[in-house]
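Below are the chains, spelled out letter by letter.
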Amino acid sequence: MADLADSRVLLVGAGGLGSAAGQVLARAGVGHLTVADDDVVDLSNLQRQTLYREADAGQPKAPLAARRLQALAAEVGHEVEVVAREMRVLPDGARELAGRFDLVVEGGDNFATKFLVADACALAGVPVVQAGAVRWVGWALASIPGESACLRCVFEDVPSGPQDTCAAAGVIGPVVGVLGAIQGALALSLLVGRSAAAGVLHSYRGLSGQLRRSAVPRQQPCPLCRGDIEDTDVSRYLPPDCAA
Ligand SMILES: [Zn+2]
């Protein structure tokens, strides 16, 4: 069992999901967190991006998130190193980046980032916990490379055509909070060696309050699990479709 204080976790995205998951990990005493985000705080997102306040508008999220997570951890007695990376995870270097961590938590706001992070983590052999939410519904999935279902087993490929995204369709703050907290719980579970948390799709419907878990088998035709995807070439990922 890994010691949480020695664990290294990369948070991809410091929006609503990253705010919730990051707080879980910092308060639990995960010893090294790196926050990667290239966006700035937008007042319209404050209902779900709980690490920020009105006075932060226009400032880059990554350094703010790092500072707040470090302070939260300190308030409950943990010495946590939190590093800010003002960057978007791009195909070039994604696999190497993922390979520097014990686990990746992805809360990005577009499908391209989600598939890129899934591929990069599988290629680097690093477990990943991913989630997404739009309007009143969301999902979360933890994946251990070579052992359990991945994002491509569930969603196959970057969708074509216009998609509902959090920026275009909106998303309800508490729905993001629930999914981010589940991501945090799944991440802690994997870090302490509970692999049963992986390969289960958690879905939450905020309007009805329905929370479901369904075991997802590794799909035979999944190109990532079958080993057909050998790099993170830019051609595999459509441009990000949600900027906020
Ligand atoms: Zn797969």
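Residues numbered from 1 in each chain as written. Predicted model: local features only at pLDDT ≥ 70, side-chain atom pairs only at ≥ 80, totals over all residues. Heavy atoms only, no water.

### Remarks on empty space enclosed by the protein
Stage number 1. Enumeration according to the criterion identifies one cavity of 30 Å³ or more in this entry.
Stage number 2. Of the pockets and cavities examined, the largest cavity occupies roughly 50 Å³.
Stage number 3. Every residue lining the largest cavity is listed: Leu 10, Val 12, Val 89, Ala 94, Leu 97, Ala 98, Val 104, Val 117, Ala 120 and Cys 121.
Stage number 4. Counting only elements with at least two residues in the lining of the largest cavity, the list comes to strand S1 (8–12), helix H3 (94–98) and helix H4 (111–124).
Stage number 5. Residue composition of the lining of the largest cavity, grouped by class: 10 nonpolar, no polar and no charged. (1 Å grid on protein atoms, 1.4 Å probe; cavity = no way out; pocket = protein on both sides within 12 Å on 5 of 7 lines; lining within 4 Å. Points joined across faces, edges and corners; volume = space filled by probe spheres on them. Helix = DSSP H or I, 4+ residues; strand = E, 2+ residues; numbered from the N terminus. Nonpolar A, V, L, I, M, F, W, Y, C, P; charged D, E, K, R; others polar.)

### Quick look at the coordination of the zinc ion
Stage number 1. Protein coordination of the zinc ion is provided by Cys 150 (SG), Cys 153 (SG), Cys 222 (SG) and Cys 225 (SG), with donor distances spanning 2.3 Å.
Stage number 2. Taken together, the four donor atoms surrounding the zinc ion define angles of 100 to 117 degrees at the centre, an arrangement classified as tetrahedral.
Stage number 3. Between the donor residues of the zinc ion, the gaps in sequence give the motif C-x2-C-x68-C-x2-C. A residue pair is termed long-range when its members are at least 10 positions apart, and Cys 150 in the loop between strand S6 (137–143) and helix H5 (151–155) and Cys 222 in the segment after strand S8 (210–215) qualify at 72 residues. We note that Cys 150, like Cys 222, is buried. (Donors = N, O, S within 2.8 Å, 3.2 Å for Na, K, Ca; no water. Tetrahedral: all angles 85-135°; square planar, octahedral: opposite > 155°, others 65-115°. Buried < 20%, exposed > 50% of the residue type's maximum accessible area, 1.4 Å probe, protein only.)

### Regarding the pairing of strand S3 (residues 81–85)
Stage number 1. Pairing analysis gives five bridges linking strand S2 (residues 32–36) to S3, with the strands arranged parallel. Across the sheet, residue His 32 finds its bridge partner in S3, namely Glu 81.
Stage number 2. Regarding the hand of the β-α-β motif, the stretch spanning S2, helix H2 (residues 61–75) and S3 is right-handed. (Pairing = 2+ DSSP bridges. Right-handed = clockwise from strand over helix to strand, strands pointing away.)

### So, the sheet that holds S2
Stage number 1. Reading across the sheet, the eight strands line up as S3-S2-S1-S4-S5-S6-S7-S8 and stay open at both edges, with mixed pairing between neighbours. One side of each edge strand has no neighbouring strand; the edge strands of this open sheet are S3 and S8. Strand-to-strand twist in this sheet, taken as the mean axis angle between neighbours without regard to direction, amounts to 15 degrees.
Stage number 2. One ladder, built from five bridges, connects S1 with S2; its direction is parallel. In the strand pairing of S2, Leu 10 is matched with Thr 34.
Stage number 3. Packing of helix H1 (residues 16–28) onto the sheet brings it into contact with S1, S2, strand S4 (103–106) and strand S5 (128–134), and relative to S1 it is tilted by some 165 degrees.
Stage number 4. Against the sheet, H4 touches S1, S4, S5 and S6, its axis set at about 170 degrees to S5. (Axes fitted to C-alpha atoms, helices over the stretch in contact; angles between N-to-C directions. Contact = heavy atoms within 4.5 Å.)

### A closer look at unusual backbone geometry
Stage number 1. If you check the backbone angles, Arg 135 has positive phi at about 50 degrees while not being a glycine.
Stage number 2. By the element assignment, Arg 135 lies in the loop between S5 and S6.
Stage number 3. With a phi angle near 65 degrees, Glu 156 is a residue other than glycine that sits in the positive phi range.
Stage number 4. Within the secondary structure layout, Glu 156 lies in the loop between H5 and helix H6 (166–169).
Stage number 5. By relative accessible area, Glu 156 is classed as exposed at 59%.

### Brief notes about the environment of Leu 4
Stage number 1. For Leu 4, the position within the fold is in the segment before S1.
Stage number 2. The exposure class assigned to Leu 4 is buried, which follows from its relative accessible area of 17%.
Stage number 3. Spatially, the C-alpha atoms of Leu 4 and Tyr 52 are 26 Å apart, while their sequence positions differ by 48 residues.
Stage number 4. With sequence-adjacent residues up to four places away left out, Leu 4 is seen in contact with Ala 28, Gly 29, Val 30, Gly 31, Leu 188, Leu 191 and Val 192.

Read these as spatial facts, not as claims about activity.
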